[in-house]
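So the chains spell out like this:
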Amino acid sequence: MAMLIPEVVTHLEAKLSNTLRLPLIGPSARNMSLLSSKSNGKKLAQMAQLPIGPWAVDIYDEDEFYNSLAGLVVKHPEVRTWLFKIDDERSSRGTAYIDLLKMQQVSHSAHASAPALLGGGGHEDLTEPAVIGADAGEVRAISIHRPAQ
C-alpha cells in the first residue's frame, strides 16, 4: 500500500494526498508548529504526566530569564546543572548549560586570590550576601554602585 510520509506537512502535501487518494502520515502544519517548540514539548510531556525536571517556559526578556533562573535555583537546590534552550533555534543552536558547582569553585578561587590582587594581605571577609527577590535591573544597579573596598 502506498502512502505519503513527508518530513514536514504543508497544505501542498495535504492537497497531493487528497488528489492521489493516499494516506498522509504526519501532523498538520498547525500541529507541527506546536510540536516543534521546545517549550511546547515540555508542556506536552507534563500533560502526558511524564517525569520531567524543574523548568520555566515562555521567557521573553533578560529580566524574566534571571528571575526565573534565580527562583528555580532557590526552589530546587538539589539541581547542580541547569540547561537552557531557546525555542526558535534549531540543530543544538541556542542550547547552553551552567554548572553551579563549577561556578562555586570559581567564586571560591576568586575570593581566595582577591586580597593579593587588591594589594591587601589581610583576611577580610569578601563574601557578600545574595540579593534575593531583586529583579535583574536591581542586581545590575547594586553591582555598578557598589562602594570600593
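Whatever comes next refers back to the structure up there.
It should be emphasised that the depicted structure is a prediction, and the values quoted were computed from it without experimental measurement.

Participant: Is there a simple way to think about the nonpolar core in this case?
Facilitator: Of all hydrophobic cores here, the largest spans 5 residues; its members are Leu69, Leu72, Val79, Trp82 and Phe84. At the level of elements, α4 (62-75) and β1 (81-85) are the ones that each hand at least two residues to this core. Discounting chain neighbours no more than four positions away, the residues touching leucine 69 are Trp82 and Phe84.

Participant: Would you take a moment to explain the pattern of salt bridges for this structure?
Facilitator: Two side chains that carry opposite charge are able to pair once their charged atoms sit near each other. Across all of its chains, the model carries 2 salt bridges by this definition. For lysine 43, the salt bridge goes to aspartate 58, with nearest N and O atoms at 3.0 Å. Of this pair, lysine 43 sits in helix α3 (residues 38-47) while aspartate 58 is found in the loop between α3 and α4, placing the two residues 15 residues apart along the sequence. Residue lysine 43 is classed as partly exposed on the basis of its relative accessible area, which comes to 27%. Judged by its relative accessible area of 34%, aspartate 58 falls in the partly exposed class. Taking the shortest distance from any N to any O, the salt bridge between arginine 80 and aspartate 99 comes out at 2.8 Å. Pair noted here: arginine 80 is in the loop between α4 and β1 and aspartate 99 is in strand β2 (residues 95-99), with a separation of 19 residues, a long-range link. Relative accessible area serves as the criterion here: at 42%, arginine 80 is assigned to the partly exposed category. Aspartate 99 sits in the buried class, given a relative accessible area of 13%.

Participant: Help me out: how do you make sense of helix α1 (residues 11-20) in this one?
Facilitator: Burial analysis of α1 places just 1 of its 10 residues in the buried class, which makes it a mostly uncovered element. After α1 finishes, the residue arginine 21 shows a positive phi value of roughly 55°.

Participant: Looking at this structure, I do not really get unusual backbone geometry. What am I missing?
Facilitator: A negative phi angle is the norm for most residues apart from glycine, just as the trans form is the norm for most peptide bonds. Not every positive phi belongs to a glycine, and arginine 21 is a case in point at roughly 55°. With respect to the helices, strands and loops of the structure, arginine 21 is situated in the loop between α1 and α2 (29-35). Unusually for a residue other than glycine, aspartate 58 sits at a positive phi of about 60°.

Participant: Even after reading the chapter, I still don't get α4, so can you show me in this structure?
Facilitator: What sets the pattern is the α-helix's 3.6 residues per turn: residues three or four places apart point alike. Look at α4: 20 Å from first C-alpha to last across 14 residues, which is about the 20 Å you get at 1.5 Å a residue. Backbone nitrogen of aspartate 63 and a side-chain oxygen of the N-cap are separated by 3.1 Å at the start of α4; the cap is aspartate 61.

Participant: Help me understand a nonpolar patch on the surface, please; the structure alone is not making it clear to me.
Facilitator: Taken together, the side chains of Met1, Met3, Ile5 and Ile25 present a nonpolar region at the surface, about 480 Å² in accessible area. The exposure class of isoleucine 25 is partly exposed, given its relative accessible area of 41%.

About the criteria used
Residues numbered from 1 in each chain as written. Predicted model: local features only at pLDDT ≥ 70, side-chain atom pairs only at ≥ 80, totals over all residues. Heavy atoms only, no water. Core = buried A, V, L, I, M, F, W, Y, C linked by side-chain atoms within 4.5 Å. Buried < 20%, exposed > 50% of the residue type's maximum accessible area, 1.4 Å probe, protein only. Helix = DSSP H or I, 4+ residues; strand = E, 2+ residues; numbered from the N terminus. Contact = heavy atoms within 4.5 Å. Salt bridge = Lys/Arg side-chain N within 4 Å of Asp/Glu carboxyl O. Expected span 1.5 Å × (residues − 1). Polar contact = N/O pair within 3.5 Å; in protein donor to acceptor, adjacent residues only side chain to side chain. Patch = residues over 30% accessible without salt bridge, like charges linked within 9 Å, V, L, I, M, F, W, Y side chains within 5 Å. Areas by Shrake-Rupley, 256 points an atom, 1.4 Å probe, with all protein chains shown as cover.

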